[in-house]
Amino acid sequence: MNAFIQSLKKNKIGIVLILLASMSTASGQMFWKLSGGQWNRHLILGFLFYGVGAVLMTVAFRFGSLSVLHPLLSIGYVFALLLGTMFLNEQITAMQAIAVVLIIVGAVLIGGGDD
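Heads up: these notes are all about the structure in this document. Note that the coordinates shown come from a computational prediction; the quantities given were computed from them, not determined experimentally. (Residues numbered from 1 in each chain as written. Predicted model: local features only at pLDDT ≥ 70, side-chain atom pairs only at ≥ 80, totals over all residues. Heavy atoms only, no water.)

1. Overview of the environment of G14
We count it as follows: Going along the chain from the N terminus, every DSSP run of H or I of four or more residues is numbered as a helix, and every run of E of two or more is numbered as a strand. Exposure categories follow from relative accessible area, calculated using a 1.4 Å probe and restricted to protein chains: below 20% of the type maximum is buried, above 50% is exposed, and the middle band is partly exposed. Only heavy atoms enter the contact rule, under which two residues are in contact if any of them lie within 4.5 Å.
If you trace the backbone, G14 turns up in helix 2 (residues 12–35). Assessed through its relative accessible area of 0%, G14 is described here as buried. Sequence spacing of G14 and T58 is 44 residues, and the spatial spacing of their C-alpha atoms is 9.8 Å. Not counting the four nearest positions on each side in its chain, G14 is found in contact with A60, F63 and L69.

The following block contains the structure:
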């Protein structure tokens, strides 16, 4: 457990940035969906959020180990699911809820440490 905590401390800035990147890209995708495939403010916001996410991801890799940070990008699927339920009135099924738990556990287990 000590190695896990040390890894979190070592990669702290990178972890925060990669989680923000995941949230930003998921938001960008949601705005693309809201645009309805038309050129409008939602499409432009989608490009903006997605671009910010890409930049944050690139910067995040400077502040941590790739093997720790990259698996955390899968949290974007969780953010997308939550955004879909909050803003698009999508329903979460039991299978999706189980998948969310598995994604989070997997991200922690795979990305939880340098050693």
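Okay, back to it.
2. A closer look at the layout of surface pockets
To keep it simple, the criterion reads: Definitions used for this entry: grid spacing 1 Å over protein atoms alone; cavity, a set of points where a 1.4 Å probe fits but cannot get out; pocket, an open set with protein on both sides within 12 Å along at least 5 of 7 lines; lining residue, one with an atom within 4 Å of a point. Grid points are joined across faces, edges and corners, and a volume is the space filled by probe spheres set on the points. Any residue outside Ala, Val, Leu, Ile, Met, Phe, Trp, Tyr, Cys, Pro, Asp, Glu, Lys and Arg is labelled polar, Gly included; the first ten of those are nonpolar and the last four are charged.
A volume near 250 Å³ is recorded for the largest pocket. Taken together, 13 residues form the lining of the largest pocket, with T25, Q29, Y50, L73 and G76 sitting closest to its centre. Broken down by element, the lining of the largest pocket gets its largest block of residues, 5 residues, from helix 2. Residue composition of the lining of the largest pocket, grouped by class: 8 nonpolar, 5 polar and no charged.

3. A short note on the packing of helix 2 against helix 5 (residues 75–87)
The following threshold applies: The angle between two axes is taken between their N-to-C directions and runs from 0 to 180 degrees, where each axis is a line fitted to C-alpha atoms and a helix contributes only its stretch in contact. With respect to orientation, any angle under 35 degrees is reported as roughly parallel, any angle over 145 as roughly antiparallel, any angle of 65 to 115 as roughly perpendicular, and every other angle as oblique. Crossing handedness: left-handed means the near helix sits turned counterclockwise from the far one by under a right angle, and right-handed means the same turn made clockwise.
With their axes 8 Å apart at the nearest point, helix 2 and helix 5 run at an angle of 45 degrees to one another. Taken together, the axes of helix 2 and helix 5 lie oblique to each other. Judged by the twist between their axes, the crossing of helix 2 over helix 5 is right-handed. Packed against helix 2, whose contacting residues are L19, S22, M23, A26, S27 and M30, the element helix 5 presents I75, G76, F79, A80, L83 and F87 at the interface. The class makeup of the residues in the contact of helix 2 with helix 5 is 9 nonpolar, 3 polar and no charged.

4. A word on the environment of S24
Which entries qualify depends on this criterion: Here a polar contact is recorded for every N or O atom pair within 3.5 Å, except that within protein the pair must consist of a potential hydrogen donor and a potential acceptor, and residues adjacent in sequence are included only if both atoms are side-chain atoms.
Secondary-structure assignment places S24 in helix 2. Remark: the alpha-carbon pair of S24 and V59, spanning 35 residues in sequence, is separated by 14 Å. When near neighbours in sequence (up to four residues on either side) are disregarded, S24 contacts F49, Y50, V52 and G53. One polar contact links the side chain of S24 to the main-chain carbonyl oxygen of F49, over a distance of 2.5 Å.

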